[in-house]
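# Remarks on the overall topology
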Amino acid sequence: MQWLDRAPDGVRLPVTTLLAEVEAAARGAEVLVLEFDAFRDGRGFSLAAVLRERGYRGRLIADGRLIPDQARHLRRSGFDGVVLGEGSDVDAWRRMDAAFSATYQAVEDNAVPIWRRRGLARRKPEALVERLNRETLGGDAEDILRAALDPSLGLKPAVLSSFGAEAAVLLSLVARIAPSTPVVFLDTGMHFLQTLAYRKALSERLGLTDIRLVTPAAKERADLDPRDELWRADPDACCDLRKVKPLARALVGLDALITGRKRHQTAERASLQPFELFEDRVRINPLHDWSEERLNDWFDAGDLPRHPLSEQGYRSIGCWPCTRAVEAGEESRLGRWSGAAKTECGIHLGRRALAIG
């Protein structure tokens, strides 16, 4: 979008002009200036969108009584430039052009209006996931997060974080884009004390404002694991009690979950996509294609604090009974449920996959 001190030479028409007359005047015109008599008059946006839809490829310039809040929609309706009045703050126009991502009316650039995007999210989540994967193809983690947190989708998202060895990377990205996004922490009662201290310190450092601590149901814990030893006999049942069921309760009313999973972690995660549908909820994996080297680079570049146990060889950190340090050359996830076939706690597999009633 160009911010102009004066209108270029060309055909000049008020936005009150009938469409047929505007189309006739536009034929052969390299520049068409539409003059707004009042900022609340939307006819200029409609004229521009129709002209673009019908093939007009000349320059469209908006002039008259306009305000910076309209910058984004002027662009999306097909305008190439805006004539700023005397004393106008060009920085305010630039900020408003960058600030709004939601579109409420059909426009020239094929952006899907907010009401249609929200309807798609509610009625056809599979189609939404497919479209978001297509739109973010080749994008980075921030692109994926911004797409997921776009208010025009109408999604109610949360971040799931264990505040483990790599958690600071995802949380720093979320803090940069939307620090008020809810962050769900499954407080299993079995975490290392260092993890609990790290959760508090990292949240404060990043300015995250909505940390939600989720615990197992007291009665279920008393009935199923009164001595906190269920992990010895049945790790899957222990994870179900302390993670899967509490998370299901915590996500009531939310329809999207942002995770820190990565393809390199396990065989089950090797084909992760940025967006996926999991038990009727959208799951977002901004770091799906990040390597350990890239994660470490992000820590260094952002001077992010490490989990206190990282220096002791803990590279994937969960509950203390089922986590150990790894040796040099070992994959990070080998420190979880060491010696067992188990590689997932279940929150990313679903209760049906665990076959737990």
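Residues numbered from 1 in each chain as written. Predicted model: local features only at pLDDT ≥ 70, side-chain atom pairs only at ≥ 80, totals over all residues. Heavy atoms only, no water.

By size, the foremost hydrophobic cluster in this structure holds 39 residues, and its most contacted members are L171, F275, I284 and L287. Elements that contribute at least two residues to this core include exactly α6 (125-135), α7 (141-149), α8 (167-177), β7 (183-186), α9 (193-206), β9 (256-258), β11 (281-284) and α13 (292-302). Of the residues forming this core, the biggest block, nine residues, is contributed by α8. Residue contacts for L287: discarding those within four places in its chain leaves A141, V169, L170, L173, R261, K262 and L295. Judged by nonpolar contacts, the second largest core, of 23 residues, contains V15, A26, F79 and V82. (Core = buried A, V, L, I, M, F, W, Y, C linked by side-chain atoms within 4.5 Å. Buried < 20%, exposed > 50% of the residue type's maximum accessible area, 1.4 Å probe, protein only. Helix = DSSP H or I, 4+ residues; strand = E, 2+ residues; numbered from the N terminus. Contact = heavy atoms within 4.5 Å.)

A word on the packing of aromatic side chains. Applying the stated criterion across every chain yields a total of seven aromatic pairs. Seen in terms of ring centroids, F36 and F79 are 6.1 Å apart; in terms of plane orientation they differ by 55°. Their pairing is tilted. Of this pair, F36 sits in strand β3 (residues 31-36) while F79 is found in the loop between α3 (71-77) and β5 (81-83), placing the two residues 43 residues apart along the sequence. Residue F79 is classed as buried on the basis of its relative accessible area, which comes to 3%. Following the ring pairs from residue to residue traces out a cluster consisting of F36, F45 and F79. The positively charged end of R306 is found above the aromatic ring belonging to F299, 4.0 Å away from the centroid. (Phe/Tyr/Trp six-rings, centres within 6.5 Å; stacked < 30°, edge-to-face > 60°. Lys NZ or Arg CZ within 6 Å of the ring centre and 35° of its normal.)

Pairing within the open sheet is mixed, and its six strands lie in the order β8-β7-β6-β9-β11-β10. Pairing within the sheet leaves two strands with one partner each, and these edge strands are β8 (211-214) and β10 (275-278). Sheet twist, expressed as the mean angle between neighbouring strand axes with direction ignored, is 30°. Seen against the sheet, helix α12 (residues 235-250) touches β6 (157-160), β7, β8, β9 and β11 and runs at an angle of roughly 155° to β7. (Pairing = 2+ DSSP bridges. Axes fitted to C-alpha atoms, helices over the stretch in contact; angles between N-to-C directions.)

Geometry only, nothing functional implied.
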